[in-house]
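Coordinates in review
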Amino acid sequence: MASEREDFSLSGPLHLAIVDWTNAHHRRSVAASLVQGVYILERDRQLKRQGPQALASPWWEFFHFQLLRHLVDDVDSSIFAAIYEFRPPKSHYHSSVDESPRYVIAFRGTITKPESVSRDLELDLHILRNGLHETSRFEIAIQAVRNVVATVGESNVWLAGHSLGAAMALLAGKTMAKTGIFLQAFLFNSPFFSAPIERIKDERVKHGLRIASSVITAGLAFATKKSYQNSRSVDPFAALSAWIPFLFVNPGDHLCSEYIGYLEHRKKMDDFGIGAIERLATRNSLGGLLMGAMGRDSEPLHLIPSANLIVNVTPCQDFREAHGIHQWWRPDLDIKSKLYNYK
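The rules we used
- Residues numbered from 1 in each chain as written.
- Predicted model: local features only at pLDDT ≥ 70, side-chain atom pairs only at ≥ 80, totals over all residues.
- Heavy atoms only, no water.
- Helix = DSSP H or I, 4+ residues; strand = E, 2+ residues; numbered from the N terminus.
- Expected span 1.5 Å × (residues − 1).
- Contact = heavy atoms within 4.5 Å.
- Buried < 20%, exposed > 50% of the residue type's maximum accessible area, 1.4 Å probe, protein only.
- Core = buried A, V, L, I, M, F, W, Y, C linked by side-chain atoms within 4.5 Å.
- UniProt positions renumbered as here; feature names shortened; annotations may be inferred.

Looking up the protein in an unreviewed UniProt entry gives the name Fungal lipase-type domain-containing protein, with the organism given as Salix suchowensis.

Rendered as structure tokens:
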């Protein structure tokens, strides 16, 4: 039996009959719905729902998107992403359509069902060890992104993803940005694996721990020559700063909430006049430095120079709600947003 949360008519953003593409809430809601469409595509496959029984298509057709193709994992044959094309009827053409994407490449997160959970958890572990870029699923994903961008141009393409899918979209966006191609990205509950400092209630303790962590990380980075300050080579972290993804997090979701402190701490360190330490620390992680010292040089996925951080401060009942994709199209969201631009 299908879950109510899979049925667009029961849990989708029906209030968006007309999308204003200049409205941040509308854009966020559509991007989240397209990601949900990928989840339901895979659930349709798993449950062999076809024809009238299939539930996926309303999640994109309601917004006048068409499914061009889906991306299939080469290990477990699960659907992990979809490429959508925006095809609005002439009756829906208005000035805001100019702000719409032509194509959206959306990535689902982990599905805890027997048909896909093993492979998804394997990829979650690759995120933890900074090895997602080495997986065959990412190779399939980045090739699809490159092909679409080569065909239609970067200004016409959005990336979107949730949880594991947000990590895939983030890695794809960073990979393209390193070549000078900046894609608009909507990253929902993207994982940030770190000590849970953000959950500490005492602000002084929290800030003290972050300062100590920055000093240690910067010191290790300098000792292992991961500094570009005295080098003529281009700082690759600074080179990424022009790419500014939309990063959606919930303080109640410990898998992504560390982004809040990571980005805000950088600003506080600048205010205290010790921004140089944080600029070195913020492009490294203790885990990544230790891996590098052991001969396995890797770039932590979650470290990004710039972002539009959108925090959902609406009270949540539990972790499942705080981490879920459904929260991001609620019309009554209480959100705080802030632009962080690395300099």
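The rest of the description comes next.
1. Re helix α4 (residues 117-128)
Between its terminal C-alpha atoms α4 stretches 16 Å, which fits the 16 Å expected from twelve residues at 1.5 Å a residue. Tucked into the core, α4 has its buried residues touching α5 (136-152) and α6 (164-177). Positive phi shows up at N130, right after α4, with a value of about 60°.

2. Quick look at unusual backbone geometry
A positive phi angle is found at K48, which is not glycine, with a value near 55°. Checked against the element boundaries, K48 lands in the loop between α2 (24-47) and α3 (58-61). Judged by relative accessible area, K48 falls into the exposed class, the value being 67%. Notably, N189 is not glycine yet its phi reads approximately 55°, a positive angle. Relative to the assigned elements, N189 resides in the loop between β5 (184-188) and α7 (203-223).

3. What about the nonpolar core?
Judged by nonpolar contacts, the single largest core of 52 residues is most densely connected at F107, V145 and L247. The element that contributes the greatest number of residues to this core is α6, accounting for ten residues. Sequence-distant contacts of L247, that is, excluding residues within four places in its chain, are made with L187, S190, Y259, L263, I304, A307, N308, L309 and I310.

4. Description of the UniProt feature "domain: Fungal lipase-type" (unreviewed entry) in the protein
The positions UniProt marks with the feature "domain: Fungal lipase-type" (unreviewed entry) are residues 143-182. Its end C-alpha atoms 16 Å apart, residues 143-182 is made of 60% helix and 15% strand.

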